[in-house]
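What follows is each chain in one-letter form.
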Amino acid sequence: MILHTERFGKGEPIVFLHSGLQTGLTDFEYQRNYFKEHHHVILPDLRGHGKSVNTDLSDNFESNAQDLAETLEHLGIDTAHIVGASFGALVAIVFAKRFPSKVKSLTISGVTAEQPTNWAQLREQERRNQQQIFQYEETNAYFDQLHKGDWRKLVQMGQTEEWYPFEETNDLSGIDAPILYIAGEGNPNETKGVLYYPSKHDHVRVSVIPFASHLVHAEQAELHTKTLELFLSRVD
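All of the points below concern the structure found in this document. (Residues numbered from 1 in each chain as written. Predicted model: local features only at pLDDT ≥ 70, side-chain atom pairs only at ≥ 80, totals over all residues. Heavy atoms only, no water.)

1. Section: the packing of aromatic side chains
All chains considered together, the criterion is met by 14 aromatic pairs. Centroid distance Phe16 to Phe35: 6.1 Å. Interplanar angle 45 degrees. Geometry classified as tilted. With Phe16 in strand S2 (residues 12-17) and Phe35 in helix H1 (residues 29-35), the pair connects residues that are 19 residues apart, well separated along the chain. When sorted by exposure, Phe16 lands in the same class as Phe35, which is buried. Ring geometry for Phe143 and Trp151: centres 5.1 Å apart, planes at 40 degrees, overall tilted. Here Phe143 matches Trp151 in class, with each residue buried. Chaining the aromatic ring pairs together yields one cluster made of Phe61, Phe87, Trp119, Trp163, Tyr164 and Phe166. (Phe/Tyr/Trp six-rings, centres within 6.5 Å; stacked < 30°, edge-to-face > 60°. Helix = DSSP H or I, 4+ residues; strand = E, 2+ residues; numbered from the N terminus. Buried < 20%, exposed > 50% of the residue type's maximum accessible area, 1.4 Å probe, protein only.)

2. Quick look at the environment of Glu229
Assignment of secondary structure puts Glu229 in helix H11 (residues 221-233). Residue classification places Glu229 among the partly exposed residues on the basis of a relative accessible area of 31%. Considering only alpha carbons, one finds Glu229 and Gln31, 198 residues apart in sequence, at a separation of 9.8 Å. For Glu229, the residues in contact, after removing those within four places along its chain, are Tyr34 and Phe35. Only 2.8 Å separates the side chain of Glu229 from the side chain of Tyr34, close enough to count as a polar contact. (Contact = heavy atoms within 4.5 Å. Polar contact = N/O pair within 3.5 Å; in protein donor to acceptor, adjacent residues only side chain to side chain.)

3. Comments concerning helix H2 (residues 60-74)
Quick reminder: α-helices carry 3.6 residues per turn. Residues three or four places apart thus point the same way. Taking 1.5 Å of rise per residue, the 15 residues of H2 would be expected to cover 21 Å, and the 21 Å separating its terminal C-alpha atoms lies within 8% of that figure. Buried within H2 we find Asn60, Phe61, Ser63, Asn64, Ala65, Asp67, Leu68, Ala69, Thr71 and Leu72. Those residues of H2 that are buried are in contact with strand S1 (5-8), S2, strand S3 (39-44), helix H3 (87-98) and helix H6 (152-157). Following H2 by one or two positions, Gly76 has its phi on the positive side, about 75 degrees. (Expected span 1.5 Å × (residues − 1).)

4. Thoughts on the sheet that holds strand S6 (residues 179-184)
The strand order across the open sheet formed by seven strands is S1-S3-S2-S4-S5-S6-S7, and the pairing between neighbours is mixed. The outermost strands of the open sheet, each flanked by one partner alone, are S1 and strand S7 (204-209). For this sheet the average axis-to-axis angle between neighbouring strands, irrespective of direction, equals 20 degrees. Two elements, S2 and strand S4 (residues 80-85), share four bridges in a ladder whose sense is parallel. Considered in S4, the bridge of Phe16 is made with Val83. Each of S1, S2 and S3 touches H2; the most contacted strand, S2, lies at about 150 degrees to it. Relative to S7, helix H9 (residues 193-200) is tilted by about 170 degrees, and along the sheet it contacts S6 and S7. (Pairing = 2+ DSSP bridges. Axes fitted to C-alpha atoms, helices over the stretch in contact; angles between N-to-C directions.)

5. Details of the pattern of salt bridges
For the structure shown, the criterion picks out six salt bridges. The salt bridge partner of Glu12 is Lys104, with a shortest N-O separation of 2.4 Å. Linking Glu12 in strand S2 with Lys104 in strand S5 (residues 103-109), this pair joins segments that are 92 residues apart in sequence. Given a relative accessible area of 31%, Glu12 falls into the partly exposed group. On the basis of relative accessibility, which here comes to 28%, the residue Lys104 falls in the partly exposed class. Close ionic contact of Glu62 with Arg98 constitutes a salt bridge, the shortest N to O distance being 2.4 Å. Residue Glu62 is located in helix H2, and its partner Arg98 is located in helix H3; the two are separated by 36 residues in the primary sequence. Relative accessible area serves as the criterion here: at 33%, Arg98 is assigned to the partly exposed category. Look at the salt bridges and you will find they share partners, linking Glu62, Lys97, Arg98 and Glu168 into a network. (Salt bridge = Lys/Arg side-chain N within 4 Å of Asp/Glu carboxyl O.)

Printed below as a string of structure tokens:
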């Protein structure tokens, strides 16, 4: 599937993969405006999001990785820097493993490396939070206009305990490109990755951003951008 994609600027390609229930244009806005001055910024709508309508959300991370590969090929892009947050970061990890030759560097945030011992409890709380979305007419109307497909299926997909691909986040050894792992200090399960990943992979750089939690790229957009820029300047 060729993903609906917005593009800005010229230069070395950098792909931003949005978080869940967002789109290419509604996420990474600060980063887009910053990097488009010197990069070719590529903003896909992942499968089932925005204008990338598809009712098949089974095996969603594999499908999105394949979609991204087909989209980059369609755009004539052989290799790019890949940046993902939350859901987009999980897609980015799978993509980097399946298509390593297409990845010049990988930057991820909003990722939990190991399954927490209280995972079932965390998922139940998240399920309750997500269910509240359906109770607000304005929120439903917003997502209805944002997504051309049935965005409610995306919410339902994330409510099971098994949805998170820990088998992929546990081990990044299949990725040869330089990796930057960013965590917000307010999310303890994600900050654990700051010690976990470098202990297993010597090509992983890490950063903890203060005054931020899961969506660090939005909560501290400027710090996230400066950290990403410094990392990219060190990539050969």
